[in-house]
Amino acid sequence: MASPSRISGQSASAGFAHGPVHLARRQGRAYIAKATPEHELHALNEAVETAASSIAAAMGQLAGDAADILEFQLAMLEDGSFTAAAAELIASGATAPAAWKTVLEAEIASYRASGDAYFNARSADLADICDTVLQALSGESAESIPPGVIHVDEDVAPSRFLSHDWSKGGGLALRSGSVTSHVAMLARARGVPMIVGIGDAEIDEAANALLDAQSGELLLSPDPAQIDDFNTRRTASRAHQRDADALASHPAVTRNGESVQVLVNIADPSDVERISIDHVDGVGLMRTEFLFGGARGLPDEETQLAAYRKVLDWADGKPVTIRTIDAGGDKPVEGYTIAEDNSFLGVRGIRLSLAKPEIFRVQIRALLRAAPHGALKVMLPMVSVPGEIDAVRAMFAAEAADLAQAGIIHRMPELGIMVEVPSVAITPARFAAASFFSIGSNDLTQYVLAASRDNPRLGALGSAADPAVLSLIGTVASYGLASGIETSLCGDAASDPDMIGLLLDAGLRRLSVAPARVSVIKAAVRLWAPGEIE
Ligand code: PEP
Ligand code: MG
């Protein structure tokens, strides 16, 4: 019998799975070369059309983020530039599959070499398009993933993930992959355990395995004691989730009777369809950059207004904090962001909005028009000097005057800021012109520790539990309390139950968390009392 071996990766979607390992197989493709380049080109065009209609059909069954991913793939296929490049190779003698593979592989390589988390994550979408067209050319169907297995692969295409029935259990262990990829996002939304970055470790297909995506480990051929330990932890985690869910609609109150507001972070407006407003105190962060770019291009005023109104209507009078576009860094938007060597320290967030007023003005007008429909608060990302707040306030005033002149109903919303750059966290009093503060622990941590948030090799360095980060969080919370400026935290640290004691100790009483974490965070709040060492 094989002896146990432990393989480490990075958790991309927490959870547990026990089952046989399934290794991805790259199948040889049986393609019969055509008589002339014209016939090859015809075969390619037909295959692209088949692939596009199968993606469009799958899109019809999905909504929200999942549909957006396929929409991106469809737009890439319909754009025609890959087919045009392949046609040139076919004209000089290549077969259709060889030409298509050469063009797509070059594109995938340039996405991966960009060193940019966003493009790296999107390379899986290109690999997906590449395979779908190659399969259509050879008439093959994709090798399916058996139910309940731990699927080990280099990376997994979103369409592959979406076509599998995860209700039978199982999970994913990816050799490369990324925590910011579309597949990671889908896995988190659907509760499928997934780890990434396990590297080239040798893995035996027949192995029985335990996937602990909480701690980021794959244990091959476990012994009985390891299986018992795994089962105990999995049962405890499920029981904890069940207990927490039972109290999801109850307010979060600490053991000494203090109320803690628990709000939710969303991206696409359709996210609210899966959340009960009775379980949360509002929206602490709506990331609007996901409305921009991809197949949708830059959204116009009416499109943005409809998106913001959808969330305000759902919130039914509870506060909705909408962040102005925070593009750049790990979130480039085609046709909007600027290519820079050091994009995390470049023209991103509010700097980019102020640099492109013609685009920012459209968002400001949509926000002003949405404000009468609920308790809208507008939040500015990546503020680093007080003058940025003044500049944005002046733009809001100018657009409000313009709307008034045209007789269009609007209202001036509260204007607050993300505290995610050390200059703000060190001297918050200089930013008292903001109506509220929301600490962005993801960016604050990377800037305080000089550890890029998308680099898996720096995983251990990028923790908001670092004393320097906690000290800054304490500075901001104390200043907020003393000055009466409402202060919350909306970075991922608020979604981590292990961080809750530290954040409450630092003085915070308002947290905005990922939708799937609302009940466990409320449960963690209920366990806390001041002055207790955990
Ligand atoms: C943060 O930086 O903590 C944050 C909430 O913003 P984002 O993750 O979107 O940069
Ligand atoms: Mg941020």
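What you see is a predicted model; the values in this text were computed from it and never measured.

What counts, and where the lines are drawn
Residues numbered from 1 in each chain as written. Chains lettered and ligands numbered in written order. Predicted model: local features only at pLDDT ≥ 70, side-chain atom pairs only at ≥ 80, totals over all residues. Heavy atoms only, no water. Helix = DSSP H or I, 4+ residues; strand = E, 2+ residues; numbered from the N terminus. Buried < 20%, exposed > 50% of the residue type's maximum accessible area, 1.4 Å probe, protein only. Contact = heavy atoms within 4.5 Å. Areas by Shrake-Rupley, 256 points an atom, 1.4 Å probe, with all protein chains shown as cover. Lys, Arg positive; Asp, Glu negative; His and termini not counted. Charge placed at Lys NZ, Arg CZ, Asp CG, Glu CD. Domains from an automatic or database assignment. Donors = N, O, S within 2.8 Å, 3.2 Å for Na, K, Ca; no water. Core = buried A, V, L, I, M, F, W, Y, C linked by side-chain atoms within 4.5 Å. Pairing = 2+ DSSP bridges. Axes fitted to C-alpha atoms, helices over the stretch in contact; angles between N-to-C directions. Salt bridge = Lys/Arg side-chain N within 4 Å of Asp/Glu carboxyl O. Phe/Tyr/Trp six-rings, centres within 6.5 Å; stacked < 30°, edge-to-face > 60°. Lys NZ or Arg CZ within 6 Å of the ring centre and 35° of its normal. Expected span 1.5 Å × (residues − 1). Arc of directions from axis to C-beta. Near = heavy atom within 4 Å. Polar contact = N/O pair within 3.5 Å; in protein donor to acceptor, adjacent residues only side chain to side chain.

**Some thoughts on the overall build of the protein**
No. 1: What the protein contains, in helices and strands, is 17 helices and 17 strands.
No. 2: Principal axes of the C-alpha set define a box for the protein whose edges measure 75 × 65 × 40 Å.
No. 3: Residues classed as buried in the protein amount to 51% of the 534 residues present.
No. 4: Within the protein, residue pairs in contact and separated by at least 24 positions form 66% of the contacts whose partners lie at least 6 positions apart.
No. 5: When the accessible surface of the protein is split by element, carbon and sulfur atoms take 54% of a total near 22800 Å².
No. 6: Computed over 43 positive and 67 negative side-chain charges, the inter-centroid distance for the protein is 5 Å.

**Some details on the domain arrangement of the protein**
No. 1: Partitioning the protein into structural domains gives domain 1 (5-22 + 143-241), domain 2 (37-138) and domain 3 (247-526).
No. 2: The straight-line distance from the C-alpha centre of domain 2 to that of domain 3 is 35 Å.

**Observations concerning the coordination of the magnesium ion (ligand 2)**
No. 1: For the magnesium ion (ligand 2), the full set of protein donor atoms is Glu420 (OE) and Asp443 (OD), at a range of 2.0 to 2.1 Å. Taken together, the residues glutamate 420 in the loop between strand 14 (414-419) and helix 13 (422-426) and aspartate 443 in helix 14 (residues 441-449) connect sequence positions 23 residues apart.

**Brief notes about the nonpolar core**
No. 1: Counting 81 residues, the largest nonpolar core has Trp314, Ile473 and Leu511 as its most contacted members.
No. 2: When sequence neighbours within four positions are dropped, the list of residues in contact with isoleucine 473 reads Ile439, Leu444, Leu489, Leu503, Ala506 and Leu508.
No. 3: By size, the runner-up hydrophobic cluster in this structure holds 29 residues, among which are Ile55, Leu77, Tyr111 and Ile129.

**Here we look at the sheet that holds strand 4 (residues 150-153)**
Strands belonging to one sheet form pairs held by backbone hydrogen bonds; the direction of such a pair is parallel or antiparallel.
No. 1: Across the sheet, eight strands lie side by side as 1-8-7-3-4-5-6-2; this open sheet has mixed pairing. Two strands close off the open sheet at either side, each with one partner strand: strand 1 (5-8) and strand 2 (10-13). Between one strand axis and the next, the sheet turns through 30° on average, direction left out of account.
No. 2: In this structure, strand 2 lies alongside strand 6 (residues 194-196), joined through three bridges in antiparallel fashion. Counted as the bridge partner of glutamine 10 is valine 196 from strand 6.

**Here's the deal with the pairing of strand 7 (residues 208-212)**
No. 1: Taken across its five residues, strand 7 has four buried, putting it largely inside the fold.
No. 2: Relative to strand 7, strand 3 (residues 16-23) runs antiparallel, the two being bridged by five bridges. Among the inter-strand pairings, phenylalanine 16 is bridged to a residue of strand 7, identified as aspartate 212.
No. 3: Remark: four residues form the turn of the hairpin made by strand 7 and strand 8 (residues 217-220), two consecutive strands paired antiparallel; glycine 216 in that turn has positive phi of roughly 80°.

**Side note on the pattern of salt bridges**
No. 1: For the structure shown, the criterion picks out 21 salt bridges.
No. 2: The partner of glutamate 217 in a salt bridge is arginine 6, with the nearest N and O atoms 2.8 Å apart. With glutamate 217 in strand 8 and arginine 6 in strand 1, this pair connects stretches of sequence that are 211 residues apart.
No. 3: We classify glutamate 217 as partly exposed; its relative accessible area is 22%.
No. 4: When the shortest N-O distance is used, the salt bridge between lysine 101 and glutamate 105 registers 3.8 Å. Of this pair, lysine 101 and glutamate 105 both sit in helix 4 (residues 96-113), separated by four residues, roughly a single helical turn.
No. 5: The exposure class of lysine 101 is partly exposed, given its relative accessible area of 38%.
No. 6: One connected set of salt bridges, linked through shared partners, spans Glu301, Glu302, Arg361, Arg365, Arg369, Glu399 and Asp402.

**Notes on the packing of aromatic side chains**
No. 1: Taken as a whole and assessed by the stated rule, the structure comprises four aromatic pairs.
No. 2: An angle of 85° between the planes, with centres 6.3 Å apart, marks the rings of phenylalanine 82 and tryptophan 100 as edge-to-face. Pair noted here: phenylalanine 82 is in helix 3 (residues 81-91) and tryptophan 100 is in helix 4, with a separation of 18 residues, a long-range link. Side by side, phenylalanine 82 and tryptophan 100 carry an identical accessibility label, which is buried.
No. 3: Above the face of the phenylalanine 436 ring, lysine 377 is positioned so that its terminal group lies 5.1 Å from the ring centre.

**Section: helix 12 (residues 386-405)**
No. 1: Its 20 residues give helix 12 an end-to-end C-alpha distance of 29 Å, which sits within 8% of 28 Å, the value for a rise of 1.5 Å per residue.
No. 2: Those residues of helix 12 that fall on the buried side of the exposure criterion are Glu388, Ile389, Val392, Met395, Phe396, Glu399, Ala400 and Leu403. Down the axis of helix 12, the sector holding all buried residues measures 135°, keeping them to one side.
No. 3: Those residues of helix 12 hidden inside the fold are in contact with helix 10 (350-355), helix 11 (357-370), strand 13 (375-380) and strand 14.
No. 4: Remark: glycine 407 follows helix 12 within two positions and exhibits a positive phi of approximately 70°.

**A look at the site of ligand 1**
No. 1: The local shell around ligand 1 holds 14 residues, among which Arg287, Arg323, Lys331, Asn442 and Arg453 are the closest.
No. 2: One nitrogen or oxygen atom from the main chain of glycine 440 is found 3.5 Å from an oxygen atom belonging to ligand 1.
No. 3: Contact between ligand 1 and aspartate 443: an oxygen atom at 3.0 Å from a side-chain N or O atom of the residue.
No. 4: Counting only elements with at least two residues in the shell around ligand 1, the list comes to strand 11 (283-287) and helix 14.

**A look at the environment of glycine 317**
No. 1: In this structure, glycine 317 sits in the loop between helix 9 (301-315) and strand 12 (319-323).
No. 2: Taking the relative accessible area as the measure of exposure, glycine 317 reaches 53% and is therefore exposed.
No. 3: It is 17 Å that separates the C-alpha atoms of glycine 317 and glutamate 273, two residues lying 44 residues apart in sequence.
No. 4: Ignoring any residue separated from it by four or fewer positions in sequence, one finds glycine 317 in contact with Leu312 and Ala375.

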